[in-house]
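Structural overview
If you want the building blocks of each chain, they are given just below.
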Amino acid sequence: MPSRDDPLKPSPPGRPRIWAATREELCQVIPEFARAENDIVFGSTETPVIFIEGDSWETERWDGGKTIELCMVREFTRALPESAFDPGGDSRTHTPWMVTTVEMPITMFSHMADPLPEVVLEDGLYRFVSESETPEEDGSINTPNLALLGASPAAAIGAPGATDWSAHVPTDGPQEIEALSLAKKAGMPVSIVLCGNATLAPFSLPEGCGCAFLGFFSIVDMQDYTEKVTWEATTQGGRPITLLYGRKTWRFRFDWTPGGEDLESASDPSSTPWWMTPSPPHPLLHPTHGLGTVSMQHPFTLLPLRFYAPPEQIVCTDADVKAWRGWHCTCCGKLNLQRNLCYQKCDSCSAPNGLPPISVEYVRQVRGTDPIAFPWDRHDHSVSCDTMEGPESLRQFTYTLGPKAFVHHMFTRNRPEPQEEPTRLFRDLQADVEFVGELGSSPGRAGSKGSNATGPYFTCVFGTSSALRSGAHASWPSEVPSSVSRARELMLRRGQVRSGSPPLEINCLIMTAWRASGNKKGCKFAAESSPVVLLCLGADVELTFWGQQETTGPAVVASSPPDDIAEAADEDDVIIVDDSRMEVEEELPDEADSAPAPARSVSAATNGSAPPKKKGKGGTAGSKKMELLMVTLVHGDMLVVHGAAFEYSMKRTGMSIVLVGQK
């Protein structure tokens with residue numbers, strides 16, 4: 001469309017009450033806005049929404065006041081069959097509409113309504129008589145006399161070689177225009193959103209604001225014009241038809257109306273838009289009857305009603321949890337995309353989102369909360385198992401996977417006493433820690449790079465691992481949330497196994513959380529030199545440890561990543577790859593589960609050499625992968641591994657928080 005000069009625009013006296021960083025982010029926060037048809041949203045919202053973006057037409061007007069005049073131009077192509085010129089035929093045809101991109105100003109003219117056709121009695125039946133003439137079928141493109149478009153059919157008949165095309169110009173419009181027409185007839189306001197690159201705007205939006213809600217507007221006038229009407233006589237399927245081309249322009253005048261920002265009936269809506277200097281209260285907007293001020297509140301809201309309700313996390317299935325995609329900051333007005341698990345600060349003013357944490361009883365499967373004596377673990381015949389009493393009423397199950405490879409399962413037995421502190425930590429960590437959602441890496445899918453959508457994992461790291469420290473020793477940082485320090489102390493107390501393992505030390509704590517169930521494989525614990533301890537909070541988590549079964553020997557613990565892992569992956573990363581080849585009986589992975597896991601390394605003890613080349617799907621030549629141990633961690637359970645590099649896969653059964661501590 002034609003553009004205007006863009007001089008340096010002044011800043012408005014106020015700030016928008018509802019705004020977003022970009023239109024893309026606005027559509028992610030409010031998915032209904034992503035269904036816009038030619039910058040108009042209708043059907044999926046309470047009221048129509050109009051986006052003002054990019055260049056504007058010369059006939060559009062806005063001087064920074066309460067009135068905005070917009071033009072919407074559409075080109076049409078209409079096929080008129082031979083019956084359109086037959087007095088007894090039916091000229092109703094479908095009209096395809098197309099947004100015009102012609103780079104030229106509009107010369108608009110109006111067309112008048114056609115008079116009612118004559119009614120005659122024939123064979124006992126009444127029918128209408130059409131007075132239009134049949135066009136010439138010479139295959140040429142013709143331009144009718146524009147003066148005849150506003151004339152009556154009788155005037156057109158008298159002109160040689162001319163036809164009254166106004167009877168065949170479509171009177172309706174595309175769906176988005178019809179939605180605005182219905183809103184005008186019903187007295188319903190429309191919401192207008194101004195984008196920062198709109199040349200029509202007489203002012204510039206504040207820094208960081210990509211689009212702002214201007215508020216509600218009433219449609220006070222609506223006119224349509226037709227121009228550039230041409231026709232072409234041709235044939236289609238052996239039948240002669242006439243193609244009618246043209247352009248229709250709808251011109252709207254919108255007047256700003258107060259209200260729509262909140263649901264508080266006690267608060268008076270502002271009588272002045274945010275971009276204008278406030279004026280004294282108007283007596284019509286604030287009438288008094290001797291009993292104080294009576295406010296005229298708008299019956300509609302600019303945002304969907306969910307933004308005005310208290311935020312909450314919703315349990316949608318047995319153990320999965322969902323949260324709204326975004327939230328509105330009442331301090332600065334910004335619409336924020338919910339990227340974190342729970343607690344999140346506003347990107348503009350750092351105000352909290354107010355999303356309360358969810359209790360653990362809502363995410364644990366009911367059938368798995370009864371006290372039990374033994375865990376739901378299973379192991380291969382080559383793995384030995386010993387059991388003994390552990391610290392703080394825990395039961396310790398020690399699995400020997402190799403000469404120096406041990407897995408210790410610290411089992412709570414689902415008793416309420418050892419689960420009291422984990423239950424408090426599950427809530428406090430959600431409320432105190434910003435679990436940041438990681439972007440995925442699969443292009444074209446939710447959570448892919450270049451998009452604000454996140455994958456299933458939310459992470460946060462406190463402290464520094466031994467691999468990243470330059471000195472010989474580093475102490476635990478003091479400036480951490482109290483809930484994080486409590487979790488670390490709990491892991492140190494309950495992770496002291498009684499089998500002569502090295503002393504437990506946690507200087508780095510990696511916390512990973514998720515809301516939904518799914519599967520992952522290709523994970524790795526590098527615990528050759530120091531123990532790695534894991535604490536499970538929330539829904540159950542199943543870990544399956546894998547080994548290499550040699551054709552002429554016993555199974556051994558896998559010491560290298562599986563063949564699914566890219567060779568270019570960092571050595572100190574915990575790697576998770578797509579689980580599309582998991583067992584059939586397991587649940588299918590989530591849509592975003594093909595992204596690597598966001599957790600960092602649990603140790604830097606992996607060797608720097610490249611993994612051996614594999615043959616086939618199982619592993620190295622002459623070997624295949626086999627399951628050595630499957631451990632089910634319930635709420636409050638811990639896992640201590642040491643002595644080898646452990647390859648494992650993970651099954652998520654619902655919302656959980658997993659803490660991994662390392663030296």
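Residues numbered from 1 in each chain as written. Predicted model: local features only at pLDDT ≥ 70, side-chain atom pairs only at ≥ 80, totals over all residues. Heavy atoms only, no water.

Okay, the packing of helix α5 (residues 416-432) against helix α6 (residues 482-494) next. Each pair of packed helices gets described by two things: the angle between the helix axes and the distance between those axes. The interhelical angle for the contact between α5 and α6, taken along N-to-C directions, is 150 degrees, at an axis separation of 9 Å. One finds that α5 runs roughly antiparallel with respect to α6. The handedness of the crossing between α5 and α6 comes out as left-handed. Residue-level inspection shows P418, E421, P422, R424, L425, D428, L429 and D432 of α5 in contact with α6, the latter providing S483, V484, R486, A487, L490 and R494. For the contact of α5 with α6, the per-class residue count stands at seven nonpolar, one polar and six charged. (Axes fitted to C-alpha atoms, helices over the stretch in contact; angles between N-to-C directions. Helix = DSSP H or I, 4+ residues; strand = E, 2+ residues; numbered from the N terminus. Parallel < 35°, antiparallel > 145°, perpendicular 65-115°, else oblique. Left-handed = near helix turned anticlockwise from the far one by under 90°. Contact = heavy atoms within 4.5 Å. Nonpolar A, V, L, I, M, F, W, Y, C, P; charged D, E, K, R; others polar.)

This paragraph deals with the pattern of salt bridges. Going through the model one piece at a time under the given rule, you end up with 21 salt bridges. Taking the shortest distance from any N to any O, the salt bridge between E25 and K334 comes out at 3.1 Å. Of the two residues, E25 is situated in helix α1 (residues 23-29) and K334 in the loop between β14 (326-328) and β15 (335-337); the sequence distance between them amounts to 309 residues. Residue E25 shares its accessibility class with K334, and that shared class is buried. Here E627 makes a salt bridge to R378, at a shortest N to O gap of 2.8 Å. Separated by 249 residues along the polypeptide, E627 in strand β27 (residues 623-633) and R378 in strand β16 (residues 378-379) bring together distant segments of the chain. Overall, E627 belongs to the partly exposed group, its relative accessible area being 25%. Using a relative accessible area of 45% as the deciding quantity, one classes R378 as partly exposed. (Salt bridge = Lys/Arg side-chain N within 4 Å of Asp/Glu carboxyl O. Buried < 20%, exposed > 50% of the residue type's maximum accessible area, 1.4 Å probe, protein only.)

Of note in this structure, N38 is not a glycine but carries a positive phi near 55 degrees. Residue position: N38 is located in the loop between α1 and β2 (40-41). Non-glycine residue K228 carries a positive phi angle of around 50 degrees. Summarising the element assignment, K228 is placed in strand β10 (residues 211-236).

Residues shown with low pLDDT carry predicted positions that ought not to be read at fine detail. Counting all residues, the mean pLDDT for the chain is 76, and 66% of those residues have values of 70 or more. Per-residue pLDDT stays below 50 along residues 101-116; that stretch engages in 34 contacts with residues further than four places along the chain or on separate chains. Ignoring residues within four places in sequence, the model shows residues 441-450, a span with pLDDT below 50, making 23 contacts including any to other chains. (pLDDT = per-residue confidence, 0-100.)

Here nine strands make up an open sheet; going across it, the order is β17-β18-β19-β28-β24-β30-β22-β21-β20 and the pairing antiparallel. Each of the sheet's edge strands pairs with one partner strand only, and the pair in question is β17 (384-389) and β20 (436-437). Pairing geometry for strand β24 (residues 532-538) and strand β28 (residues 638-642), over four bridges, is antiparallel. Residue V532 lies in a different strand from β28, and its bridge partner there is V641. Along the sheet face, α5 touches β22 (508-514), β24 and β30 (656-662) and points at about 85 degrees away from the line of β24. (Pairing = 2+ DSSP bridges.)

Within the secondary structure, Y648 is located in strand β29 (residues 644-652). Assessed through its relative accessible area of 7%, Y648 is described here as buried. The sequence separation of Y648 and L629 amounts to 19 residues, and the corresponding C-alpha distance is 9.1 Å.

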